[in-house]
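Per-entry structural report
Read off the chains here:
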Amino acid sequence: MLKRVIPYAHTLLKELVQVGDTVIDATCGNGHDTLVLSECVAETGTVYGFDIQAQALEETRRRLTVHNQPERLLIQDSHANLLDHLKVQDYHNITAAIFNLGYLPGGDKSIITTPQSTLDAVQVILEHLKKGGLLILVIYHGHEGGSDERDQLLTYVQSLEQKDYDVLQYGFVNQKNNPPFIIAIEKKRMLIY
Ligand code: SAM
């Protein structure tokens, strides 16, 4: 009945994202979230996928191909550099973005997302979300460095103005070993910067 965190994140994305929309997977990893986003936006939509590791992008490309998805914009760069890659027509027109933080499962566990680049990317994406758009953070905090990233992100999202954003936290409080949890941020109105 109660969804695990990743299925819950995917449910939110599937409820919101429509055919033709523009979306971002900020941490492609093995491509599970990219695939969900790709299926939601279909042929006419746009998916930006970021990862700093070639191995992750190869696996994401492979997963998309196996599932008969079209080619997507898979970019080997930090999500913090999003603006170097975002097309002008996609400015302020992002429907959804997801971050799955931490290390690549099955990969090098020393390569992890870091607080500053995650925060930089979150801020840029929030600016470019459209009204009603959603940014999801799946926060893993059991690994070294994870609790620091968690704390910095929680401090930031708790500071977001209630009139501008709804911020939801979803996770299980009786699981052992630092279970992951979700922060979902819905943009309520366009802001002038
Ligand atoms: N969403 C993925 C999936 O469905 O399999 C899992 C993502 S994994 C937990 C985290 C990924 O973030 C790793 O592949 C890692 O290389 C990537 N990463 C770390 N720092 C990054 C950065 N600054 N920009 C983009 N990706 C980054």
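Residues numbered from 1 in each chain as written. Predicted model: local features only at pLDDT ≥ 70, side-chain atom pairs only at ≥ 80, totals over all residues. Heavy atoms only, no water.

Observations concerning the overall build of the protein chain
Heads up, the rule is: Helix and strand definitions here come from DSSP, where helices need a minimum of 4 consecutive H or I residues and strands a minimum of 2 consecutive E residues; each element is numbered from the N-terminal end. As a reference, a globule follows 2.2 Å times the number of residues to the power 0.38, and the radius of gyration itself is taken over C-alpha atoms. It only takes one pair of heavy atoms within 4.5 Å for two residues to be counted as in contact. Values of accessible area rely on a 1.4 Å probe in the Shrake-Rupley scheme; residue burial ignores everything except the protein chains shown. For the charge count, each Lys or Arg is scored as positive and each Asp or Glu as negative, with His and the chain ends excluded. Just so you know, the charge point we use is NZ for Lys, CZ for Arg, CG for Asp and CD for Glu.
In terms of regular secondary structure, the protein chain is built from 5 helices and 7 strands. Shown N-terminal to C-terminal, the secondary structure of the protein chain runs as helices and strands in the order α-β-α-β-α-β-β-α-β-α-β-β. Rg of the C-alpha trace for the protein chain: 16 Å, near the compact-globule value of 16 Å for 193 residues, within the 12% margin. Structurally, the protein chain occupies a C-alpha span of about 40 × 40 × 35 Å along its principal axes. Excluding contacts between residues fewer than 6 apart, the proportion of contacts in the protein chain whose partners are at least 24 apart in sequence is 73%. A total accessible area of about 9,800 Å² is found for the protein chain, and carbon and sulfur atoms account for 50% of it. Here the protein chain holds 17 positive side-chain charges and 24 negative ones, and the gap between their average locations is 7 Å.

As for the packing of aromatic side chains
Quick note on the threshold: Geometry of aromatic contacts follows a simple scheme: Phe, Tyr and Trp rings, the Trp one being its six-membered ring, pair when their centres are within 6.5 Å, and the pair is stacked under 30 degrees between planes, edge-to-face over 60, tilted otherwise. Residue exposure (1.4 Å probe, protein chains only): buried if accessible area is under 20% of the type maximum, exposed if over 50%, otherwise partly exposed. Two conditions define a charge located above a ring, namely a distance within 6 Å from the ring centre to NZ of Lys or CZ of Arg, and an angle within 35 degrees of the ring normal.
Scanning the entire structure with this criterion turns up 2 aromatic pairs. Between Y8 and Y170, the aromatic rings sit 3.9 Å apart at their centres with planes inclined by 20°, giving stacked as the arrangement. You can see Y8 sitting in helix α1 (residues 5-16) and its partner Y170 sitting in strand β6 (residues 165-170), a full 162 residues away along the chain. On the accessibility criterion, Y170 (19% relative accessible area) is buried. Following the ring pairs from residue to residue traces out a cluster consisting of Y8, Y170 and F172. Above the ring of F172, the side-chain terminus of R4 is found at 4.5 Å from the ring centroid.

Section: helix α5 (residues 146-158)
Operational definition: A helix is expected to span 1.5 Å for every residue after the first. To obtain the arc, one takes the directions from the helix axis to the C-beta atoms.
Compared with the 18 Å implied by 1.5 Å per residue over 13 residues, the 18 Å span of α5 between its first and last C-alpha is a close match. All buried positions along α5 are accounted for by G146, E149, L153, L154, Y156 and V157. Seen along its axis, α5 keeps its buried residues to an arc of 165°; they face one direction. Looking at α5, the residues exposed on the side facing more than 90 degrees away from the buried face are T155 and Q158.

Quick word on the side chain of Q53
For Q53, the location among the structural elements is in the loop between β2 (46-51) and α3 (54-66). With residues near it in sequence (within four places) discarded, Q53 still touches Q76, L104 and I111.

What about the packing of α1 against helix α2 (residues 32-41)?
What counts, and what does not: Every angle, taken between N-to-C directions, lies between 0 and 180 degrees, and every axis is a line fitted to C-alpha atoms, over only the stretch in contact when it is a helix. Here roughly perpendicular refers to angles of 65 to 115 degrees, roughly parallel to angles under 35, roughly antiparallel to angles over 145, and oblique to all remaining angles. For a crossing to be left-handed, the near helix must be turned anticlockwise from the far one by less than a right angle; the clockwise case is right-handed.
Axis separation between α1 and α2 bottoms out at 9 Å; the angle between their running directions is 20°. In terms of axis orientation, α1 runs roughly parallel to α2. The two elements α1 and α2 meet at a crossing, and its hand is right-handed. Facing H10, L13 and K14 of α1, the residues of α2 in contact are H32, D33, V36, L37 and C40.

A few points about the side chain of D77
Where we set the bar: Note on definitions: salt bridges are taken to be side-chain nitrogens of Lys or Arg within 4 Å of carboxyl oxygens of Asp or Glu.
Following the sequence through the fold, D77 ends up in the loop between β3 (73-76) and β4 (94-100). No salt bridge is formed by the buried D77; its nearest oppositely charged neighbour, R61, is found at 14 Å.

Things to note about the pairing of β4
Put simply, the test is: We treat two strands as partners when DSSP finds at least two bridges between them. By convention a crossover is right-handed if, when the strands point away from the viewer, the path from the first strand over the helix to the second runs clockwise.
Burial of β4 is extensive: 7 of the 7 residues sit out of reach of the surface. Two elements, strand β1 (residues 22-25) and β4, share 3 bridges in a ladder whose sense is parallel. Within β4, the position partnered with V23 by the bridge is A96. In this structure, β4 lies alongside strand β5 (residues 129-139), joined through 6 bridges in parallel fashion. Within the sheet, the bridge partner assigned to A97 lies in β5 and is L135. Handedness of the β4-helix α4 (residues 115-128)-β5 crossover: right-handed.

With respect to the sheet that holds β6
Strands belonging to one sheet form pairs held by backbone hydrogen bonds; the direction of such a pair is parallel or antiparallel. Spatially, 7 strands are ordered β3-β2-β1-β4-β5-β7-β6 in an open sheet, and the strand pairing comes out mixed. Each of the sheet's edge strands pairs with one partner strand only, and the pair in question is β3 and β6. Between one strand axis and the next, the sheet turns by 15° as a mean value, whatever way the strands run. Along the sheet, α2 makes contact with β1, β2, β3 and β4, crossing β1 at roughly 175°. Against the sheet, α5 contacts β5, β6 and β7 (181-187), and its axis sits at roughly 30° relative to β7.

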